Amino acid sequence: EGATLAFVLDITLRQKTYGAKTLPQCMQGFLTRYRYDEKTVDAFIEEWQAYAPRELHDIKGLLTNKRTTDLFSYFSTVGIRKDAHHTSGYQWRINPNEAFDLYFK
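Quick caveat: nothing in here was measured; it's all calculated off a predicted structure.

Q: Please provide a residue-by-residue account of the nonpolar core, values included.
A: Counting 14 residues, the largest nonpolar core has L9, L13, L23, C26, F44, W48 and I59 as the members making the most contacts within it. Residue assignment for this core shows that the elements contributing at least two residues are α1 (2-16), α2 (23-33) and α3 (41-51). The element that contributes the greatest number of residues to this core is α3, accounting for 5 residues. Contact partners of C26, with chain neighbours within four places excluded, come to F44, E47, W48 and Y51.

This is how it looks when you write it as structure tokens:
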């Protein structure tokens with residue numbers, strides 16, 4: 001779930017800032033600021049709110065969610081589609097003309 005959460009936070013941040021801000025940049029600031037201090041969820045939320053646009057400030061529910069995060073909607077925003085017609089089951093298809101490069105730069 002940690003990787004899933006990181007993907008969701010990163011892709012959402014990149015989309016809302018048109019690629020200008022990323023989770024790795026936010027985490028670098030967080031780790032620098034809390035180098036010798038305890039790294040808590042509240043400390044991360046404070047760092048996130050200082051870094052991210054206002055419309056992304058409310059992430060506490062996402063961080064404390066005990067359920068599995070459905071990534072299908074996030075994948076589709078960057079041009080990855082689920083192809084159910086593939087003979088060996090599901091296969092992900094990437095449209096090179098969509099915004100996939102917002103995540104993998």
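Q: Got a sec to walk through the environment of G2? Specific residues and values, please.
A: Position of G2 relative to the elements: it lies in helix α1. Put simply, G2 and L63 are 61 residues apart on the chain and 9.4 Å apart in space, counted from C-alpha to C-alpha.

Q: Lay out α2 with the relevant residues and their values.
A: Among all positions of α2, only L23, C26 and F30 are buried. End-on, the buried residues of α2 take up no more than an arc of 65 degrees, which puts them together on one face. Those residues of α2 that are buried lie in contact with α1 and α3. N-cap assignment for α2: the residue whose side-chain oxygen lies 3.2 Å from the backbone N of Q25 is T22.

Q: Please set out the pattern of salt bridges residue by residue, giving values where relevant.
A: In the structure shown here, the tally under the stated rule is 3 salt bridges. With a shortest N-O distance of 2.8 Å, R14 and D10 are connected by a salt bridge. Of the two residues, R14 and D10 both sit in helix α1, 4 residues apart, roughly one turn of that helix. Among the residues examined, D10 registers a relative accessible area of 3% and is labelled buried. Between R33 and E46 there is a salt bridge; the shortest N-O distance is 2.6 Å.

Q: Just give me the short version of the packing of aromatic side chains, but keep the residues and values in it.
A: For any two aromatic rings, the description comes down to two numbers: the centre-to-centre distance and the angle of the planes. Taken as a whole, this structure holds 3 aromatic pairs when the rule is applied. With a centroid separation of 5.1 Å and 45 degrees between ring planes, the pair formed by F30 and Y34 is classed as tilted. Given a relative accessible area of 5%, F30 falls into the buried group. Consider the rings of F44 and W48, whose centres lie 6.2 Å apart with planes at 35 degrees: the pair is tilted. Taken together, the residues F44 and W48, both in helix α3 and 4 residues apart, mark about one turn of the helix. As far as burial versus exposure is concerned, F44 and W48 are alike and both buried.

Parameters at a glance
- Residues numbered from 1 in each chain as written.
- Predicted model: local features only at pLDDT ≥ 70, side-chain atom pairs only at ≥ 80, totals over all residues.
- Heavy atoms only, no water.
- Core = buried A, V, L, I, M, F, W, Y, C linked by side-chain atoms within 4.5 Å.
- Buried < 20%, exposed > 50% of the residue type's maximum accessible area, 1.4 Å probe, protein only.
- Helix = DSSP H or I, 4+ residues; strand = E, 2+ residues; numbered from the N terminus.
- Contact = heavy atoms within 4.5 Å.
- Arc of directions from axis to C-beta.
- Polar contact = N/O pair within 3.5 Å; in protein donor to acceptor, adjacent residues only side chain to side chain.
- Salt bridge = Lys/Arg side-chain N within 4 Å of Asp/Glu carboxyl O.
- Phe/Tyr/Trp six-rings, centres within 6.5 Å; stacked < 30°, edge-to-face > 60°.

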